[in-house]
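Residues per chain are reported as follows:
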Amino acid sequence: MPFSLPRNVGERATAFGMVMVLGPIILIGGLFAFSYFVYSNVIAYVVTVVAFLLIITGMEKLLVSRISHKLATLEYQG
């Protein structure tokens, strides 16, 4: 059973530490790359914003589809 055993102390300490150390490094590096390549050119900025909007719209449609499918399986059939 998935939740039948309690967690051990320090079971995920290494993974948590790696996220806390590498996460900001990756995010700051991405921010520097983004600002260097995107903010330096108006066309690149517009293309990036449009791409982000398309990605967000697509992910939202997938999320709505997934949730409605999950809810349809949970409805009481009587």
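The model shown is predicted, which means the values in this text are computed figures rather than measured ones.

**Considerations on the overall build of the chain**
In terms of regular secondary structure, the chain is built from 2 helices and 0 strands. Residues classed as buried in the chain amount to 3% of the 78 residues present. Entry remark: accessible area of the chain is about 7,600 Å², with carbon and sulfur atoms responsible for 74%.

**Let's talk about helix H1 (residues 13-37)**
Residues three or four positions apart in an α-helix share a direction because the helix packs 3.6 residues into each turn. With 25 residues, H1 ought to run about 36 Å at 1.5 Å a step, and its terminal C-alpha atoms sit 36 Å apart, in line with that. Along H1, the largest kink reaches about 30° and is centred on Leu22; proline Pro24 follows within four residues of it.

**Side note on the packing of aromatic side chains**
In this structure the tally under the stated criterion is 4 aromatic pairs. Ring geometry for Tyr36 against Phe37: centres 4.9 Å apart, planes inclined by 80°, an arrangement best described as edge-to-face. With a centroid separation of 5.8 Å and an interplanar angle of 35°, the aromatic rings of Tyr39 and Tyr45 are classed as tilted. You can call Tyr39 exposed: its relative accessible area is 53%. Ring-pair connections join several aromatic residues into one group, and the members of that group are Phe34, Tyr39, Tyr45 and Phe52.

**Overview of the side chain of Thr48**
By the element assignment, Thr48 lies in helix H2 (residues 42-74). Under the relative-accessibility criterion, Thr48 is labelled buried at 17%. Discounting residues that sit within four places of it in the chain, Thr48 has contacts with Phe34 and Val38.

Rules and cut-offs
Residues numbered from 1 in each chain as written. Predicted model: local features only at pLDDT ≥ 70, side-chain atom pairs only at ≥ 80, totals over all residues. Heavy atoms only, no water. Helix = DSSP H or I, 4+ residues; strand = E, 2+ residues; numbered from the N terminus. Buried < 20%, exposed > 50% of the residue type's maximum accessible area, 1.4 Å probe, protein only. Areas by Shrake-Rupley, 256 points an atom, 1.4 Å probe, with all protein chains shown as cover. Expected span 1.5 Å × (residues − 1). Bend = angle between axes of the 7 residues up to and from the residue. Phe/Tyr/Trp six-rings, centres within 6.5 Å; stacked < 30°, edge-to-face > 60°. Contact = heavy atoms within 4.5 Å.

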